[in-house]
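# Report on the structure
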Amino acid sequence: MSRIGKKPIEIPQGVEIKIDGNVVHVKGPKGTLDVSLMAGITGEVADGNLTLGRADDENRTRAFHGLARSLVFNAVTGVSTGWSKSLDIIGIGYRAEVQGSAVVFNLGYSHPINYEIPKGISIDVDGKANRVTVHGIDRQQVGQVAAEIRRLRPPEPYKGKGVRYADERVRTKAGKQGATA
């Protein structure tokens with residue numbers, strides 16, 4: 001039995017779960033998400049908990065048991081509290097600002113970069129314009145948007161300038177040694 005798959009998912013206050021065949025509908029105060037279950041995975045709601053089971057012990061079904069539980073748990077957490085990811089913009093003159101439904105980044109290029117905010121995502125930029133926070137209910141979408149923003153100017157290894165995750169540590173290189181001698 002999968003150690004992750006057999007753990008019950010506690011349903012928080014204000015979250016409704018409805019199982020319709022192979023689809024789990026999760027509705028909460030922040031929105032609604034649908035999670036498709038793989039063939040052979042079943043769900044059951046009892047006593048304020050959701051437990052996932054599997055029909056057989058084939059390798060494919062066992063592999064998807066824990067995955068399905070993690071996806072449903074992420075949906076439950078997303079509709080109840082939401083997901084967020086923070087990025088830091090490091091560099092002189094590097095900044096970001098929200099303009100309507102887009103974020104404008106100045107990242108040392110000859111032109112500003114306009115990033116359209118996808119539906120279901122909100123982006124906040126703090127007052128100093130060096131911390132960007134991505135919010136949403138879908139964990140995969142929040143992570144994807146944060147990765148796309150980081151890809152606009154990844155941190156370079158000599159001075160560390162660029163866009164990085166808030167908890168990311170960039171290892172810097174020493175540079176040329178012969179120039180100082």
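Look up: the structure comes first, before these words.
Keep in mind that what you see is a predicted model, and the values were worked out from it rather than measured. Residues take numbers from 1 onward in each chain, read along the sequence in its written order. With pLDDT at 70 or above as the cut-off, local features in this predicted model cover only qualifying residues; side-chain atom pairs require 80 or more to be listed or tallied, and sums for whole chains, interfaces and linings still use all residues. Side-chain measures here rest on the full set of heavy atoms in the structure, leaving out hydrogens and waters.

### A look at the side chain of T133
Under the convention used in this document: We count a stretch as a helix when DSSP gives it H or I for four or more residues in a row; a strand needs E for two or more, and each element gets its number in order from the N terminus. Note on contacts: a residue pair qualifies if any of its non-hydrogen atoms lie within 4.5 Å across the two residues.
You can see T133 is positioned in strand β12 (residues 131-136). Excluding anything up to four places from it in sequence, T133 contacts S84, K85, S86, S122, I123 and D124.

### Focus: the sheet that holds strand β9 (residues 102-106)
Threshold: Strands are treated as partners if at least two bridges between them are detected by DSSP. Orientation is described by lines fitted to C-alpha atoms, with helices fitted over the stretch in contact, and by angles between N-to-C directions that extend from 0 to 180 degrees.
On the basis of which strands lie adjacent, the open sheet formed by three strands has the order β8-β9-β10 and antiparallel pairing. A strand with exactly one partner marks an edge of an open sheet, and here the two such strands are β8 (95-99) and β10 (113-116). Across this sheet, the average inter-strand angle for adjacent strands is 25°, counted without regard to direction.

### Details of the pairing of strand β2 (residues 16-20)
Bridge analysis of β2 against strand β3 (residues 23-28) gives five bridges, and the strand direction is antiparallel. Directly across from E16, in β3, lies its bridge partner K27. The hairpin turn running from β2 into β3, its antiparallel successor, is two residues long, and G21 in that turn takes a positive phi close to 70°.

### A few points about the packing of aromatic side chains
Basically, it comes down to this: Any two of the Phe, Tyr and Trp rings considered here, Trp counted by its six-membered ring, make a pair once their centres fall within 6.5 Å; the pair's planes then place it as stacked at under 30 degrees, edge-to-face at over 60, or tilted in between. Whether a charge lies above a ring is judged from NZ of Lys or CZ of Arg, which has to be within 6 Å of the ring centre and within 35 degrees of the ring normal.
Under the counting rule described, the total for this entry stands at zero aromatic pairs. When the ring centre of Y109 is taken as origin, the NZ or CZ atom of R153, which lies over that ring, is 4.4 Å away.

### Observations regarding the nonpolar core
Side chains that are nonpolar tend, in soluble globular proteins, to be buried together. Cut-off, in case you're wondering: We define the nonpolar core as a collection of buried residues of types Ala, Val, Leu, Ile, Met, Phe, Trp, Tyr and Cys that are connected through side-chain atoms lying within 4.5 Å of one another. Relative accessibility thresholds used throughout: buried, under 20% of the residue-type maximum; exposed, over 50%; partly exposed, between the two (1.4 Å probe, protein chains only).
Of all hydrophobic cores here, the largest spans 21 residues; its most connected members are I89, F105, L107, I123, V134 and I149. Counting residues per element, the ones that place at least two in this core are β7 (83-90), β9, β10, β11 (121-125), β12 and α2 (139-151). Take this core: its biggest share by element is four residues, from α2. Every residue in contact with I123, bar those within four places of it in the chain, is listed here: V98, V103, Y115, I117, V132, T133, V134, V145 and I149. V35, L50, L52 and V72 belong to the second-largest nonpolar core, a separate cluster that totals 19 residues.

### Thoughts on the sheet that holds β12
The antiparallel open sheet is built from four strands, whose spatial order is β11-β12-β7-β13. At either margin of the open sheet sits one strand with a lone partner, and together these are β11 and β13 (162-165). Across the sheet, the axes of successive neighbouring strands diverge by a mean angle of 25°, strand direction being ignored. The sheet contact formed by β7 and β13 spans four bridges and is antiparallel. Counted as the bridge partner of I89 is V163 from β13.

In short, shape yes, function no, at least from these values alone.
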